[in-house]
Amino acid sequence: MIYRSPLPDIEIPEVTLTEYVLGAAAGFGDKVALLDGVTGERITYAELATGVSACAGALAALGVRPGDVVALLSHNQPRYALALHGAIAAGAAVTPINPVFTPAEIAKQVTASRAKVIITSEQVAEKAAEVARQTGIAHVFVLGEPAAGSGLRGFDELRNSGEPRPWLDIDPATTVAALPFSSGTTGTAKGVRLSHRNLVANLAQTRVGWRITSDDVQAAVLPFFHIYGFTIILNSGLLGGATVVTLPRFELDGYLAALAEQRVTRAYFAPPMVLALADAPGVENYDLSPLRYALCGAAPLDVAVTERAEERLGCLIRQGYGMTEASPGTHQVFDSDFPTTPPGSVGRLSPNTEARLVRPGTNIDVEPGETGELLVRGPQVMLGYLDNPEATEETITDGWLHTGDLVRVDDDGVFWIVDRLKELIKYKGYQVAPAELESVLLSHPAVADAAVIGVPHAEGGEAPKAFVVPKAAATVEAEELLTWVAQRVAPYKKVRQLEFVDAIPKSPTGKILRRVLKQQQA
Ligand code: AYL
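Residues numbered from 1 in each chain as written. Predicted model: local features only at pLDDT ≥ 70, side-chain atom pairs only at ≥ 80, totals over all residues. Heavy atoms only, no water.

Would you explain the state of the cysteines in this entry?
Enumeration over the complete set of coordinates arrives at 0 disulfides. The structure places no disulfide on Cys315, whose sulfur is separated from the nearest cysteine sulfur, that of Cys296, by 12 Å. The class of Cys315 is buried, set by a relative accessible area of 6%. (Disulfide = S-S within 2.5 Å. Buried < 20%, exposed > 50% of the residue type's maximum accessible area, 1.4 Å probe, protein only.)

Laid out in structure tokens, this is it:
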């Protein structure tokens, strides 16, 4: 049985991502496109349009061509959009990188994606320079002032160095525009090849249900380097002509002050933010009356927490659902359905999106009303993983993307996420791949075998727990192994619990039986 969106199919425009998102930008003129919620720095739509074309021209003059990759390593700030669309308008694909990554983690993504240029922020410029030395990348540009003597160049200098570039003639269906990394249903992080068409489609699809206009002000604290921030917050906002208020990190009082000061109309949450809003004192001190729509996604959200937060915000919170491999949105609660759609659900299928529910690991549909693994199909589904045809084949069959999520559909066509079948752990909505932590643990001389699963965690929703088999005769403390991992991965990926065991449960083919470990925990 194939489930379809209640909304009719729409036409997907045959244009590049930047043409689609910024095609109307110049027309919005002096309207503020992006505003830094901390410093007050702003970029108008007219400035964005000319800045993007200047930046594209400068990157082209530097030798960046269609097929090349530009790495973007920064927290949220207005100039992120200039760098992003400048690179994309030069024909490049952008690989967005989390600035809290260690230099080794950044170097890994830069190398895997074969990036030629790194554009970074002042805060992490030193890390970027170190990565450039390690990987031999010649071009690093800083969004802001490069430190004296650093040898790095400023982005403004780059922007002013070339001729403005007219729109490029590339094929939106086959050219990659974004290359975020995701571990998908198994293994370590892989480059997700999202074409211009995938991203344009997802913006067009979600726009039917979320009517973002130039009257909207969107709060953008969730990171643009993650697909939620990238598509749903930044590009949807610019496409609608809204003002996007950027914040570099979530801190409750600063966030609430920005919502009130900027008269934010649309807020975008991940579950830990909703938890903070539900329980922290002081929310009632801010005038949040302009807030009309709040969206939460990226991980499961508790209904009681939702209701407490709604009461304090004076605004309904409804969920979105999707994954990096789907650009990301597949399900949404349309604006008009906010009051009638239950808060624990993820709403209905977006236009042009189909779904099936199958018995996990098979191609057999479950009976209507039963839960099953969700498969989705639509124009937003990625071209495939970078340099990994095996993983692509395992993940997409006949156009159907395997989500690794256990889901049910009710009689109203509303979808509910019941459980996550895949190994992926979500800490505060961020992806943590068990396979990556296992390989870090196995690199310790005293470790014979290791397995990592997600366990419930108050703040993060879920957090990694490791099971370790020490080498015979080796004596090692849990503390030493926790530190070993913490020194080698970004802070949000840290192993937070560790247990020594005699053996790791495995299948006859040697696959770790994570479900067995999970059941033992429960
Ligand atoms: P990735 N409830 C439960 N789990 C969720 C939800 C949700 N509302 N949304 C995402 N997930 C989990 O690639 C699920 O396991 O993209 C899914 O397979 O980092 C996995 O996260 C994908 O993780 C929006 C708003 C999508 C947000 C998002 C988040 C995309 C996260 C569409 O409208």
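Sorry if this is basic, but what is going on with the sheet that holds strand E28 (residues 447–457) here?
Strands belonging to one sheet form pairs held by backbone hydrogen bonds; the direction of such a pair is parallel or antiparallel. Overall, mixed pairing links the 3 strands, which are arranged E28-E29-E30 in an open sheet. Either end of the sheet is taken by a strand with one partner, and the two such strands are E28 and strand E30 (497–500). On average, each strand axis in the sheet is tilted by 25 degrees relative to the strand beside it, whichever way the strands run. As paired strands, E28 and strand E29 (residues 461–470) are joined by 10 bridges and run antiparallel to one another. Each bridged residue has a counterpart across the sheet, and for Ala450 the counterpart in E29 is Val468. Helix-sheet contacts for helix H14 (residues 434–442) involve E28, E29 and E30, and the interaxial angle to E28 is about 140 degrees. (Pairing = 2+ DSSP bridges. Helix = DSSP H or I, 4+ residues; strand = E, 2+ residues; numbered from the N terminus. Axes fitted to C-alpha atoms, helices over the stretch in contact; angles between N-to-C directions. Contact = heavy atoms within 4.5 Å.)

Can you walk me through the UniProt feature "domain: AMP-binding enzyme C-terminal" (unreviewed entry) in the chain in this structure?
The sites that carry the UniProt feature "domain: AMP-binding enzyme C-terminal" (unreviewed entry) are, in the present numbering, residues 436–511. In residues 436–511, helix accounts for 21% and strand for 33%; the two terminal C-alpha atoms are 15 Å from one another. (UniProt positions renumbered as here; feature names shortened; annotations may be inferred.)

What is the right way to read the pattern of salt bridges from this model?
Two side chains of opposite charge can pair, provided their charged atoms sit close to one another. Here the structure, examined in full by the defined rule, presents 25 salt bridges. Its salt-bridge partner being Arg377, residue Glu354 comes within 2.8 Å of it at the nearest N-O pair. Here Glu354 is found in strand E20 (residues 354–358), whereas its partner Arg377 is found in strand E21 (residues 372–377), with 23 residues between them in sequence. When its relative accessible area of 15% is taken as the criterion, Glu354 is described as buried. Measuring nitrogen to oxygen at the nearest pair gives 3.4 Å for the salt bridge that ties Glu459 to Lys428. Taken together, the positions of Glu459 in the loop between E28 and E29 and Lys428 in the loop between strand E26 (425–427) and strand E27 (430–432) put the pair 31 residues apart, joining distant regions of the chain. Within the structure, one salt-bridge network assembled from shared partners comprises Glu41, Arg79, Asp156 and Arg159. (Salt bridge = Lys/Arg side-chain N within 4 Å of Asp/Glu carboxyl O.)

Can you help me understand helix H4 (residues 79–89) in this one?
Think of an α-helix as 3.6 residues a turn; residues three or four steps apart then line up on the same face. In terms of burial, H4 is largely enclosed, as 11 of its 11 residues are buried. Every buried residue belonging to H4 is among Arg79, Tyr80, Ala81, Leu82, Ala83, Leu84, His85, Gly86, Ala87, Ile88 and Ala89, and all of these are buried. Directly after H4, the chain includes Gly91, whose backbone phi takes a positive value near 100 degrees.

Looking at this model, I keep getting lost on the packing of helix H5 (residues 103–113) against helix H6 (residues 125–135). Mind explaining?
Relative placement of two packed helices is described by the angle separating their axes and the distance separating the axes. Relative orientation of the contacting elements H5 and H6 amounts to 55 degrees, with a least axis distance of 9 Å. By the angle class used here, H5 and H6 are oblique. H6 is crossed by H5, and the crossing has right-handed handedness. From H5, Pro103, Ile106, Ala107, Val110 and Thr111 reach across to H6, where they touch Lys127, Glu130, Val131, Gln134 and Thr135. (Parallel < 35°, antiparallel > 145°, perpendicular 65-115°, else oblique. Left-handed = near helix turned anticlockwise from the far one by under 90°.)

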